[in-house]
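Each chain, letter by letter, is given below.
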Amino acid sequence: MSEIRKHYFLPEYCIIAEERGKRPSDFADEAGDMGQKGQRSGPENCAFCGGAEEKTPPAGAVYKEGRIFADTKEKIVRKWDFRCFQNLFPALSPIPAFSELSGVGEDASPGFGFHEVIVESPVHGKKLSDFSAAELSDLMQVYRDRVCHYRAHESIRYVSLFKNSGEAAGASLDHAHSQLLALPLLPPLLKTELQAIGKEEKCPYCALLEKEKKSTRFIRENRECVAFTPYCSKSPFEVWVLPKKHVSYLGDCSKEILSGLGEMIGYVLNSYGKVLGNPAYNYMFYQLFDSPEYHLNLRFLPRISLIAGFEMNTGIYINTISPERAASYLRGDRPLDE
Ligand SMILES: [Zn+2]
Ligand SMILES: [Zn+2]
């Protein structure tokens, strides 16, 4: 590994993170052996498997039988249920060096932040779609706990919590995991959204929830949440899940809401499996902890279509399946060959 340790934000909120250590030849290698790396397919050399704890940075939070532990110099916690540690190749650094900014530009700022990996199971090959309702609920509680942990840091303004599954979704390892980036700033996307929400009398998400419950884009609801395909789906089979109660971040969620969210994750991923054959996918939590007017939402994007030149050139997305039709497949009331 080289000595490069560059982390900084540029004004349009691009993060430069050369520590992730890519050279042009690395990109060429990746393109050349798609899907053929041992690490991608089997437990051999997998750093996320139970028993391979030494291969990752020490875990700051280890969940085991309903209790929370942490690795110490003397003792590594084994036989865990969920394990959280700093990414070995972080996009942000808790201690960025100010000297890195020399010669970058006046509007750059230090790339302060945290980049955590949340390993969802010690078992290699276990997928979230195989999780029981209780396991999904436990995972949601881990999410809530980790978001609250970073929220308590005085410099953190936003916690990005997401899952990449499959190579097409940006996952570099097959072993089930989510990621969390804690940022010292509000991302532009959320900033714009907050400004728009500020102009409304009523929470637009609460209004959307009522509308979509009765629309042809409705997929299903449980006691706590509603799932639907959004009217402006950027790509086929995009799904949004909203808690029925107005909550602005995971820290506001009761155990019941967390279980409801977990149950919906299980349903959506199982539906993707049936309808699309286990595609690569991303899901992302949109949440704000200092803005009670915001309404937490969870968005799923299966990676079955490519964002290409037109989309990048215009910001307009071509979607070949209407959200209404996608919802009917995901509800299971339309034959898959129709
Ligand atoms: Zn593994
Ligand atoms: Zn609301």
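Values in this document were obtained by computation on a predicted structure and should not be read as measured data.

1. Overview of the coordination of the zinc ion (ligand 1)
Distances from the zinc ion (ligand 1) to its protein donors, Cys 46 (SG), Cys 49 (SG), His 124 (ND1) and His 175 (ND1), fall at 2.0 to 2.3 Å. Coordination at the zinc ion (ligand 1) is tetrahedral, judged from the 4 donor atoms that bind it and the angles of 105 to 115° they form at the metal. Positions of the donor residues of the zinc ion (ligand 1), expressed as sequence spacing, correspond to C-x2-C-x74-H-x50-H. You can see Cys 46 sitting in the loop between helix H2 (38–41) and strand S3 (59–64) and its partner His 124 sitting in the loop between strand S7 (114–119) and helix H3 (133–151), a full 78 residues away along the chain. Of the two residues, Cys 46 and His 124, neither departs from the other in class, the shared state being buried.

2. Structural notes on the pattern of salt bridges
Throughout the structure, instances matching the rule amount to 14 salt bridges. In this structure, Arg 299 and Glu 193 form a salt bridge, with 3.9 Å as the shortest nitrogen-oxygen distance. One end of the pair, Arg 299, is in strand S14 (residues 297–302); the other, Glu 193, is in helix H4 (residues 188–198), with 106 residues separating them in the sequence. Of the charged contacts in the structure, one is a salt bridge between Asp 333 and Arg 331, with a shortest N-O distance of 3.0 Å. The structure contains a network of salt bridges with shared partners spanning Glu 53, Glu 54 and Arg 78.

3. A look at the packing of helix H6 (residues 255–276) against helix H8 (residues 323–331)
Closest axis-to-axis distance for the H6/H8 pair is 9 Å, and the angle between their directions is 95°. Here H8 runs roughly perpendicular to H6, going by the angle between their axes. Only Tyr 329, Leu 330 and Arg 331 of H8 make contact with H6, whose side of the interface consists of Tyr 267, Ser 271, Tyr 272 and Val 275. For the contact of H6 with H8, the per-class residue count stands at 5 nonpolar, 1 polar and 1 charged.

4. Here's the deal with the coordination of the zinc ion (ligand 2)
Donor atoms from the polypeptide that coordinate the zinc ion (ligand 2) comprise Cys 203 (SG), Cys 206 (SG), His 246 (ND1) and His 295 (ND1), at 2.1 to 2.4 Å from the metal. The site at the zinc ion (ligand 2) holds 4 donor atoms, and with the angles between them running 106 to 114°, its shape is tetrahedral. Mapping the donors of the zinc ion (ligand 2) onto the primary sequence gives the spacing C-x2-C-x39-H-x48-H. Taken as a pair, His 246 in the loop between strand S12 (239–243) and H6 and His 295 in the loop between strand S13 (281–286) and S14 lie far apart in primary sequence, 49 residues in all. Judged by relative accessible area, which is 30%, His 246 ranks as partly exposed. Given the relative accessible area of 0%, His 295 is considered buried.

Thresholds applied
- Residues numbered from 1 in each chain as written.
- Chains lettered and ligands numbered in written order.
- Predicted model: local features only at pLDDT ≥ 70, side-chain atom pairs only at ≥ 80, totals over all residues.
- Heavy atoms only, no water.
- Donors = N, O, S within 2.8 Å, 3.2 Å for Na, K, Ca; no water.
- Tetrahedral: all angles 85-135°; square planar, octahedral: opposite > 155°, others 65-115°.
- Helix = DSSP H or I, 4+ residues; strand = E, 2+ residues; numbered from the N terminus.
- Buried < 20%, exposed > 50% of the residue type's maximum accessible area, 1.4 Å probe, protein only.
- Salt bridge = Lys/Arg side-chain N within 4 Å of Asp/Glu carboxyl O.
- Axes fitted to C-alpha atoms, helices over the stretch in contact; angles between N-to-C directions.
- Parallel < 35°, antiparallel > 145°, perpendicular 65-115°, else oblique.
- Contact = heavy atoms within 4.5 Å.
- Nonpolar A, V, L, I, M, F, W, Y, C, P; charged D, E, K, R; others polar.

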